[in-house]
Amino acid sequence: MLKEIKCDKFAQTCITFHTGLNVIAGDENASNSIGKSSALLVIDFAFGGNTYARQDDILTNVGHHDICFCHVFNHIEYYYKRNTSTPSTIFICDSQYKVVEEQPIDRFYSFLLENYGIRHGSLSFRNYVSLFSRIYGKENLNEKKPLDSRLSEPGNQSIDRLLKIFDEFDTIEEQKRIKEETKKRLNTFKSAQGMKLINQTLSKKERIETESEITACSTSIESITLQLSSMSVNLDNQQLEAISIQKQQQQLLNTLLSKQKYKLYRLQRSLRSAKDECVVDTTQLSLFFPTINIQEVDKINEFHGQLIGILKTKLLSEIKVCQNLITEYNIQMEDINQEINKILKSNNPVGLAVDNLIRLKSHRDKLIKKIEDTDKYNQCNQDKKTAAENYTIIVNKALTGIQQRLNNELAALCESVSPRKNPPQFALRESAYDFFIPNDTGAGSKYKSTILTDLSFMNLTDLPFVIHDTILFKNIEDDTMENIIVKYASLESKQVFIAFDHIASFSEKVTKILREHTILSITPGGRELFGKSWNIKN
């Protein structure tokens, strides 16, 4: 726990804390700019926060200074010092705050995690507690999004933090790793297909046709193998077999060639229709419309000209690709024709049979590879879907449990502080959340619900403290506020730090609680946090 804070710049140079409720009391006029929020930021600074070191008004009027503080764990006192000019460094001190050792602030965070018994390996101390340090000047005061540690925080980050706080993240993180890995594997496979390193995935129809072709190839291979083994090879049959294979390739090439020629025709037609200029005749236009802005028309003409230029460049590039493919297909077609002529002139049936056998086996291997690549793609795709589904199931199960626990605790707390009012509720999703009060959109209810959210975390988790500024209390009804104070005071095993105004306006019971737990009184006229208020005119 935090035991004390010392600073020679403060009007009250030593502030002593205790377990349970710690109140920084303002005056009955709720005076502003006297240091209540700054005092809370100092407390946050003693827990490793950095917002205090960025307060320009303090640094301008006070200058950089030391904040000394003491934490107590297991009856052992640990003394530290931080300076606003070097917030990333912390100094270990003796009981007189003389520096013994310098350390990076991360070591201090680890120390607090360990000594507060917080066992969230994937969650840093500040990432945990900063959300519940709600002080004017920080970005976590959005009463509609109490799980956001900063403005416009992505929903998945808020949900991840929530899962970590409730010790549900590690299992989910492993499944998330599997999900990302399977997604990456599928994308790598697709990239290889795009670079023609792997066959394109076959459709159901294409697969059936490919399997039929494999069967036909296997039958032909068996027939030729049998003929060769018995030396009963017939020249005419082998020529027909070889020519049949070449004709199949020729037919495929003809189809590809026709597609490219038609595409080339369309591209060339588009290029011819793309005029070098697409302009409006401004001379004629000005005759009919004398008041028209000719400069604006010229800008439009220039823009259209640029578009035409871009279009022509793209068309010329695509035409070149088509022409190269057509040339390549024609060369392959000529090679097939030469191969057919070679087959027709052959008078060696055994040699021709062997050639056919080699050609058929090679072709069959390629077809089999297409099937195998399709199976691999389908497996990668299925692995990705299964991993994503498993991740969603695990996340939803964890979030459903957390949501139920939070909402039950919120309902119980709401019943104790405002029994006639609807309790706030969370609706948690994989990458977002909603926070609402049924049939209640009032500002006071929202701020009350933010307070109850923090108290729910105090009750359900190992969260060691909360810090609440006066801005949270402004719109809350007095009777509800009194019940909240009583609830604060009941948290004796942890620490609650609040700034509070007009204490005397509450009931005798609550006023007594607030005064008994006041650790610092701040008022105008020399009793401000720094002994002065710099917003007063000279």
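Residues numbered from 1 in each chain as written. Predicted model: local features only at pLDDT ≥ 70, side-chain atom pairs only at ≥ 80, totals over all residues. Heavy atoms only, no water.

*Asks:* Run through the overall build of the chain, naming residues and quoting values.
*Replies:* Secondary structure assignment for the chain yields 14 helices and 13 strands. Buried positions account for 43% of the 538 residues belonging to the chain. In the chain, the share of contacts with a sequence separation of at least 24, taken over all contacts with a separation of at least 6, comes to 69%. (Helix = DSSP H or I, 4+ residues; strand = E, 2+ residues; numbered from the N terminus. Buried < 20%, exposed > 50% of the residue type's maximum accessible area, 1.4 Å probe, protein only. Contact = heavy atoms within 4.5 Å.)

*Asks:* Outline the packing of helix α12 (residues 443-460) against helix α13 (residues 478-489), supporting the account with residue identities and numerical values.
*Replies:* Taken N-terminus to C-terminus, the directions of α12 and α13 make an angle of 15°; their axes are 12 Å apart at the nearest point. With respect to each other, α12 and α13 are oriented roughly parallel. Of the two elements, α12 crosses α13, and the hand of that crossing is left-handed. Here K448, I451 and L455 of α12 come into contact with α13, specifically with T480, I484, K487 and Y488. (Axes fitted to C-alpha atoms, helices over the stretch in contact; angles between N-to-C directions. Parallel < 35°, antiparallel > 145°, perpendicular 65-115°, else oblique. Left-handed = near helix turned anticlockwise from the far one by under 90°.)

*Asks:* Mind laying out the environment of Q200, listing which residues take part and the relevant values?
*Replies:* Position of Q200 among the secondary structure elements: in the loop between α6 (169-194) and α7 (204-230). In sequence terms Q200 and K190 are 10 residues apart; their C-alpha atoms lie 8.7 Å from each other. Ignoring anything within four residues of it in the chain, the contact list for Q200 reads Q193, G194 and T374. Separated by 2.9 Å, the side chain of Q200 and the backbone oxygen of Q193 make a polar contact. (Polar contact = N/O pair within 3.5 Å; in protein donor to acceptor, adjacent residues only side chain to side chain.)

*Asks:* Just give me the short version of the sheet that holds strand β12 (residues 495-500), but keep the residues and values in it.
*Replies:* Reading across the sheet, the 5 strands line up as β8-β11-β12-β3-β13 and stay open at both edges, with parallel pairing between neighbours. Across the chains shown, the open sheet's two edge strands, defined by having one partner strand only, are β8 (133-134) and β13 (518-521). Here strand β11 (residues 465-468) pairs with β12 via 4 bridges, running parallel. Its bridge partner lying in β12, H468 is registered against I498. This element, helix α14 (residues 508-516), spans β3 (20-25), β12 and β13 of the sheet and lies at about 80° to β13. (Pairing = 2+ DSSP bridges.)

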